[in-house]
Amino acid sequence: MEQSDSNSDDHQHHVLLFPFPAKGHIKPFLCLAQLLCGAGLQVTFLNTDHNHRRIDDRHRRLLATQFPMLHFKSISDGLPPDHPRDLLDGKLIASMRRVTESLFRQLLLSYNGYGNGTNNVSNSGRRPPISCVITDVIFSFPVEVAEELGIPVFSFATFSARFLFLYFWIPKLIQEGQLPFPDGKTNQELYGVPGAEGIIRCKDLPGSWSVEAVAKNDPMNFVKQTLASSRSSGLILNTFEDLEAPFVTHLSNTFDKIYTIGPIHSLLGTSHCGLWKEDYACLAWLDARPRKSVVFVSFGSLVKTTSRELMELWHGLVSSGKSFLLVLRSDVVEGEDEEQVVKEILESNGEGKWLVVGWAPQEEVLAHEAIGGFLTHSGWNSTMESIAAGVPMVCWPKIGDQPSNCTWVSRVWKVGLEMEERYDRSTVARMARSMMEQEGKEMERRIAELAKRVKYRVGKDGESYRNLESLIRDIKITKSSN
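What counts, and where the lines are drawn
- Each residue is numbered by its place in its chain's sequence as written, counting from 1.
- A pLDDT threshold of at least 70 governs which residues receive local features in this predicted model, and a stricter bar of 80 or more applies before side-chain atom pairs are shown or counted, although totals over entire chains, interfaces and linings include all residues.
- The side-chain numbers reported here are obtained from all heavy atoms of the structure, hydrogens and water having been left aside.
- UniProt positions are given in the numbering used here, feature names are shortened, and annotations may be inferred rather than shown by experiment.
- Secondary structure elements are taken from DSSP: a helix is a run of H or I of four residues or more, a strand is a run of E of two residues or more, and numbering for both begins at the N terminus.
- Restricting the calculation to C-alpha atoms gives the radius of gyration, and the globule rule supplies 2.2 Å times the number of residues raised to the power 0.38.
- Type-normalised accessible area, obtained with a 1.4 Å probe on protein chains alone, sets the label of each residue: buried when under 20%, exposed when over 50%, and partly exposed for intermediate values.
- In this count, Lys and Arg are taken as positive residues and Asp and Glu as negative ones, while His and the chain termini are left out.
- To locate a charge, take atom NZ for lysine, CZ for arginine, CG for aspartate or CD for glutamate.
- Two N or O atoms count as a polar contact when they lie within 3.5 Å, although within protein this holds only if one can serve as hydrogen donor and the other as acceptor, and sequence-adjacent residues are included solely when both atoms are side-chain atoms.
- In what follows, a contact means two residues having at least one pair of non-hydrogen atoms within 4.5 Å.
- Definition used for salt bridges: Asp or Glu carboxyl oxygen within 4 Å of a side-chain nitrogen of Lys or Arg.
- Between any two strands, pairing holds if DSSP finds at least two bridges.
- The axes are straight lines fitted to the C-alpha atoms, using for helices just the contacting stretch, and the angles between their N-to-C directions are given from 0 to 180°.
- Any Phe, Tyr or Trp ring, taking Trp's six-membered ring, that has another such ring centre within 6.5 Å forms a pair; planes under 30 degrees apart are called stacked, those over 60 apart edge-to-face, and the others tilted.
- If you view the pair so one helix is near and one far, a crossing is left-handed when the near helix is turned anticlockwise from the far one by less than a right angle, and right-handed when it is turned clockwise.
- Residues were grouped as follows: Ala, Val, Leu, Ile, Met, Phe, Trp, Tyr, Cys and Pro as nonpolar; Asp, Glu, Lys and Arg as charged; and all remaining residues, including Gly, as polar.
- The split into domains, and so the bounds of each, comes from an automatic or database assignment of domains.
- Note on terms: buried area is the combined drop in 1.4 Å-probe accessible area of two parts once they are placed together, counting the loss on both.

- As annotated in an unreviewed UniProt entry, the chain carries the name Glycosyltransferase and comes from Momordica charantia.
- Its UniProt record gives the chain a comment under Sequence similarities (unreviewed entry), which states: "Belongs to the UDP-glycosyltransferase family."

## A word on the overall build of the chain
- The helix and strand inventory of the chain stands at 19 helices and 15 strands.
- Taken over the C-alpha trace, the chain has a radius of gyration of 22 Å; the compact-globule value for 482 residues is 23 Å, and the two agree within 12%.
- Here the C-alpha coordinates of the chain stretch approximately 65 × 55 × 50 Å along the principal axes.
- In the chain, which comprises 482 residues, the proportion classed as buried is 58%.
- In the chain, 53 positive and 59 negative side-chain charges are present, and the distance between their average locations comes to 2 Å.

## Thoughts on unusual backbone geometry
- Cis geometry is found at the peptide bond from Leu 179 to Pro 180, where omega equals -5 degrees.
- Mapped onto the elements of the fold, Pro 180 is located in the loop between helix H6 (161-175) and helix H7 (211-216).
- One non-glycine residue, Lys 292, lies in positive phi territory at about 55 degrees.
- Following the sequence through the fold, Lys 292 ends up in the loop between helix H11 (281-287) and strand E8 (294-298).
- A positive phi angle is found at Lys 414, which is not glycine, with a value near 55 degrees.
- With respect to the secondary-structure elements, Lys 414 resides in the loop between helix H16 (402-412) and strand E15 (416-418).

## What to know about the side chain of Ser 320
- Residue placement: Ser 320 occurs in the loop between helix H12 (307-319) and strand E10 (323-327).
- By relative accessible area, which is 6% here, Ser 320 ends up buried.
- In terms of polar contacts, Ser 320 uses its side chain to reach the backbone carbonyl oxygen of Leu 317, at 2.6 Å.
- In contact with Ser 320, not counting residues within four places along its chain, are Ala 429, Ala 432 and Arg 433.

## Focus: the pattern of salt bridges
- The full count for this structure, using the stated rule, is 25 salt bridges.
- Lys 216 is paired through a salt bridge with Glu 212; the nearest N and O atoms lie 3.5 Å apart. On the criterion of helical spacing, the pair formed by Lys 216 and Glu 212 is a turn pair, its members being four residues apart in helix H7.
- The exposure class assigned to Glu 212 is partly exposed, which follows from its relative accessible area of 44%.
- What you see here is one network of salt bridges that share partners, running through Arg 97, Glu 101, Arg 105, Glu 144 and Glu 148.

## Thoughts on the sheet that holds strand E7 (residues 258-260)
- Pairing in this open sheet of seven strands is parallel, and the strands run E3-E2-E1-E4-E5-E6-E7 from one edge to the other. With partners counted over all chains shown, the strands left at the sheet margins are strand E3 (70-75) and E7, one partner each. Ignoring strand direction, the axes of neighbouring strands in this sheet form an average angle of 20 degrees.

## Observations regarding the sheet that holds E10
- Read from one edge of the open sheet, six strands run E12-E10-E8-E13-E14-E15, paired in parallel fashion. Each edge of the open sheet carries a strand with a single partner, namely strand E12 (354-357) and E15. Ignoring which end each strand starts from, the neighbouring axes of this sheet average 15 degrees apart.
- Bridging between E8 and E10 involves four bridges; their strand directions are parallel. What sits directly across from Val 295, in E10, is Phe 324.

## With respect to the packing of aromatic side chains
- As enumerated under the stated definition, the model contains 22 aromatic pairs in all.
- Residues Phe 18 and Phe 141 carry aromatic rings whose centres are separated by 6.2 Å and whose planes lie at 65 degrees to one another, so their mutual orientation is edge-to-face. Placement of Phe 18 in strand E1 (residues 14-18) and of Phe 141 in helix H5 (residues 141-148) is noted, with a sequence separation of 123 residues between them.
- A relative accessible area of 0% means that Phe 18 is categorised as buried.
- Its relative accessible area of 2% is what places Phe 141 among the buried residues.
- Taking 5.1 Å as the distance between ring centres and 20 degrees as the angle between the ring planes, the aromatic pair formed by Phe 296 and Phe 374 counts as stacked. One end of the pair, Phe 296, is in strand E8; the other, Phe 374, is in strand E13 (residues 371-376), and 78 residues separate them in sequence.
- Given the relative accessible area of 0%, Phe 296 is considered buried.
- Exposure remark for Phe 374: the relative accessible area of 0% places this residue in the buried category.

## Side note on the packing of helix H4 (residues 91-111) against H5
- It is the contact of H4 with H5, at a shortest axis distance of 10 Å, that shows an interaxial angle of 35 degrees. Crossing of H4 against H5: the hand is right-handed. Listed contacts from H5 to Met 96, Arg 97, Thr 100, Glu 101, Phe 104, Arg 105 and Leu 108 of H4 are Phe 141, Pro 142, Glu 144, Val 145 and Glu 148.
- Looking at the contact of H4 with H5 residue by residue, the classes come out as six nonpolar, one polar and five charged.

## What to know about the domain arrangement of the chain
- Along its sequence, the chain is carved into domain 1 (14-115 + 127-162 + 220-271 + 459-477) and domain 2 (280-456).
- Measuring from the centre of the C-alpha atoms in domain 1 to the corresponding centre in domain 2 gives 28 Å.
- The largest contributions to the domain 1 side of the interface with domain 2 come from Arg 162, Leu 243 and His 265, which together make up 29% of the buried area.
- In this assembly, domain 1 and domain 2 are joined by three salt bridges.
- The salt bridge partner of Lys 27 is Glu 385, with a shortest N-O separation of 2.8 Å.
- Put simply, domain 1 and domain 2 have 10 residue pairs in polar contact (both at pLDDT 80 or more) between them.
- The class makeup of the residues in the side of domain 1 that touches domain 2 is eight nonpolar, 13 polar and seven charged.

Set out below in structure tokens:
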């Protein structure tokens, strides 16, 4: 979106963005921050202290130069600096509820003219009061605090419309006795889910709902937090109507206003949304590869794997005979032999057949003409970026919304293949060859059509572009009751 020539009145509209503290959530929020600044709004981007320290200096400098009205602020998540912050064990959420909620309230009060801040939250200085808050749908306390202080709040779902709708449908599945489901029956089909009949399986739901899992940890905690988003002034979705129309329609029964503005990275164009330093040298390596000859392999910022799974993946890629670019995070392997496994891979000599990097500029890689397929964990950002680039996928989902995304990629949109929990090297090799050879041609045709729709949707006559304009207009007319 073009930089706005808005008058100084627009600069008095001050939006605070507060994402869930995970990279897959922070990235689309950063894209949204840049789009709002480009429309002339003042934006404060609130991160936890832990994630604020991880933002790459290069990206921070670029953002400061390009968007002078974008201001970064951080807040404690209540955990010590060396805590592993496993997002799945519930400790981070509990700590934020216990510690961060009160700090968040103090922050909003300090911006809006009450008090002088604390040791943890400094006074806002010359910036105008917060006119609205945009928070993550899986947080409830920012909605509650904003309501308490009379500040309008919008919710942003960084995952699919489908996955959000499933949160709202879970109470009905429990009422019908379909949940919890018997142990070991993750592939069991669920019935009566609108828009998903004959498709959705137990493993596609938010949270773990087997009898054993529910006995250990109550997955309704996350569901209850997400349901609180229904009280917000509007719902922002990183999707587009052609992809998820039935679920957007169902969500409109819950939310008064819905803004589908996806794929948000395409709407922005050039984004500076990284947390980690990226290896741009891999683009030069791709420049020397033939068109559509390389498999891009990445499992996002959160997924971990065992050393055995990683070695099966590695040997499968090598034996596929295809060139590949592998992103290998330093923390991707669980277990004591992590260093040895990574070392073995890094020391392998492929004579230019493959390249291994610690982190890659994924949007640029997927857009490169040398990329013919994407072996992915099926996070929503990666799925949307692959669709926008017209790159077919092999899905290796692990956690969260990944199994659900994989199901729709492989069984509904038919632009990818599902690994189906077979992680041996022969399966990896077969899947890589299928994606890059004859079977991949039909997937390539389908995803190319989706990519064309993306290009139209984010253009000036497209729905995503117009919905962003509508969101900006609605933000500008919101008023705090204080």
